[in-house]
Amino acid sequence: MNRTLSTLLAGLALFACSGCEAKAPPAKPVAPTIAKPALWKVYDADTTVYLFGTIHLLPKGMQWTDAKLNGAMAQSQDLVLETVIDDPAALGAIMTKLGTSPGLPPILDRVPPETRPKLKAVIDKAGLPMKVLDGMETWAASLVISTASLRATGLDHDEGAEAQLTAAFKKAGKPVAGLETPAQQLGYFDGLSESAQRKFLVSVADGSERMEKEFTAMIGAWRKGDVKQIALTFDDEMRDSAELADTLLYNRNARWAAWIAQRMDKPGTVFVAVGAGHLAGKKSVEDLLAKKGFKVARVQ
């Protein structure tokens, strides 16, 4: 599995169980630079849907908005994200229900023998209790380990695009909604075969040494609006695991495109923000909408 995508998927693990989460070190401020993240619009005579690809976890102090992005936000009546987390405690309960099972093999036994030392090193570095991970299903443990590892580098959900967009829309008194419920998102992972889950876990172990470097490169491509580079990263991943591709990317893209197509029947302007990989390459949300006959234009 491509390590960059595995870290992006880890952005869904913002609900990491209490006591499992590693403490992030103070993040180093990032010097402001010109940012031009990609932005599209789907439009007709009386409706506009802005499409913005996000990065779930970002370093503190990163500047990524500009006049065009702020203008699109100001024009929009509401914000629609992948999901909205209103109650972390309730989300933790869902995670516990779906992500833990009795009688599971130790987490280290779920990867090939040659991978076990690397996985143990990643877990130890992240400061996660092995006993807790042993009781988690493989997908849940993979997400928790990935997220803890990223946060240990100074990246955090609170600095991510979704968190900042949510704060801006709420400050303006505009509603924030989700395309999926948190339970649905977790259910996608829970529904993966054990084989696919273990591929995810192996990628977490194998990519640990390069994780920060590769994720930094991904953030750089995102800030420049380099959709081709983002698509290449995801294309590599999709070739390795068709099940992950269909479950976590393509099927969701199709559902979101259908939602937007229906939303186009209602006048007004809405700002839709989903993970950057969903707006890159073939079968992306905007690609599917264009094939449905909607007008799609890149704003920047």
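Residues numbered from 1 in each chain as written. Predicted model: local features only at pLDDT ≥ 70, side-chain atom pairs only at ≥ 80, totals over all residues. Heavy atoms only, no water.

Thoughts on the packing of aromatic side chains
- Enumeration according to the criterion identifies eight aromatic pairs in this entry.
- Seen in terms of ring centroids, Trp64 and Trp222 are 5.8 Å apart; in terms of plane orientation they differ by 50 degrees. Their pairing is tilted. Placement of Trp64 in the loop between strand S3 (58–59) and helix H2 (67–75) and of Trp222 in helix H10 (residues 211–223) is noted, with a sequence separation of 158 residues between them. Accessibility classification places Trp64 together with Trp222 in one group, the buried group.
- Measuring from ring centre to ring centre gives 6.2 Å for Trp139 and Phe189, while their planes differ by 20 degrees; the resulting arrangement is stacked. With Trp139 in helix H6 (residues 138–151) and Phe189 in helix H8 (residues 182–190), this pair connects stretches of sequence that are 50 residues apart.
- Put simply, the rings of Tyr50, Phe52, Trp64, Phe169, Trp222 and Phe271 touch in pairs and so form one group of aromatic residues. (Phe/Tyr/Trp six-rings, centres within 6.5 Å; stacked < 30°, edge-to-face > 60°. Helix = DSSP H or I, 4+ residues; strand = E, 2+ residues; numbered from the N terminus. Buried < 20%, exposed > 50% of the residue type's maximum accessible area, 1.4 Å probe, protein only.)

Regarding the nonpolar core
- Counting 49 residues, the largest nonpolar core has Leu51, Phe52, Trp64, Trp222 and Phe271 as its most contacted members.
- Contact partners of Trp64, with chain neighbours within four places excluded, come to Ala35, Pro37, Phe52, Leu58, Leu69, Ala161, Gln164, Leu165 and Trp222.
- Counting residues in each nonpolar core, the second largest holds 31 residues, with Leu108, Val111, Met136 and Leu248 among its members. (Core = buried A, V, L, I, M, F, W, Y, C linked by side-chain atoms within 4.5 Å. Contact = heavy atoms within 4.5 Å.)

Some remarks on the sheet that holds strand S6 (residues 176–178)
- Pairing is mixed in the open sheet, where six strands are placed in the order S6-S4-S7-S2-S1-S8. The open sheet has two free edges, formed respectively by S6 and strand S8 (295–298), since each of these has just one partner strand. In this sheet, adjacent strand axes meet at a mean angle of 25 degrees when their direction is disregarded.
- Bridge count for strand S1 (residues 39–43) against S8 is four bridges, and the pairing is antiparallel. (Pairing = 2+ DSSP bridges. Axes fitted to C-alpha atoms, helices over the stretch in contact; angles between N-to-C directions.)

Focus on the packing of H8 against helix H12 (residues 242–263)
- Where H8 meets H12, the closest approach of the two axes is 10 Å, and the angle between their N-to-C directions is 140 degrees. As the angle between them shows, H8 and H12 are arranged oblique. Crossing of H8 over H12 shows right-handed handedness. Between H8, through Gln185, Tyr188 and Phe189, and H12, the contact on the second element is made entirely by Thr247, Leu248, Arg252 and Arg255.
- A class-by-class count of the residues in the contact of H8 with H12 yields three nonpolar, two polar and two charged. (Parallel < 35°, antiparallel > 145°, perpendicular 65-115°, else oblique. Left-handed = near helix turned anticlockwise from the far one by under 90°. Nonpolar A, V, L, I, M, F, W, Y, C, P; charged D, E, K, R; others polar.)

What to know about the pattern of salt bridges
- Scanning all chains against the criterion turns up eight salt bridges.
- Across the pair Lys120 and Asp124 runs a salt bridge, and its minimum N-O distance is 2.7 Å. You can see Lys120 and its partner Asp124 sitting in helix H4 (residues 116–126), four residues apart, about one turn around the helix.
- Among the charged side chains, a network of salt bridges with common partners joins Glu82, Glu180 and Arg252. (Salt bridge = Lys/Arg side-chain N within 4 Å of Asp/Glu carboxyl O.)

Here we look at the pairing of strand S2 (residues 47–54)
- S2 sits mainly inside the fold: eight of its eight residues count as buried.
- Pairing of S1 with S2 involves five bridges; the strand directions are antiparallel. When the sheet's bridge partners are listed, Leu39 is paired in S2 with Phe52.
- Linking S1 to S2, which pair antiparallel, is a turn of three residues.
- Pairing analysis gives eight bridges linking S2 to strand S7 (residues 268–275), with the strands arranged parallel. Bridge assignment links Val49 to a residue of S7, and that residue is Val270.

Purely spatial values, then, with no claim about function.
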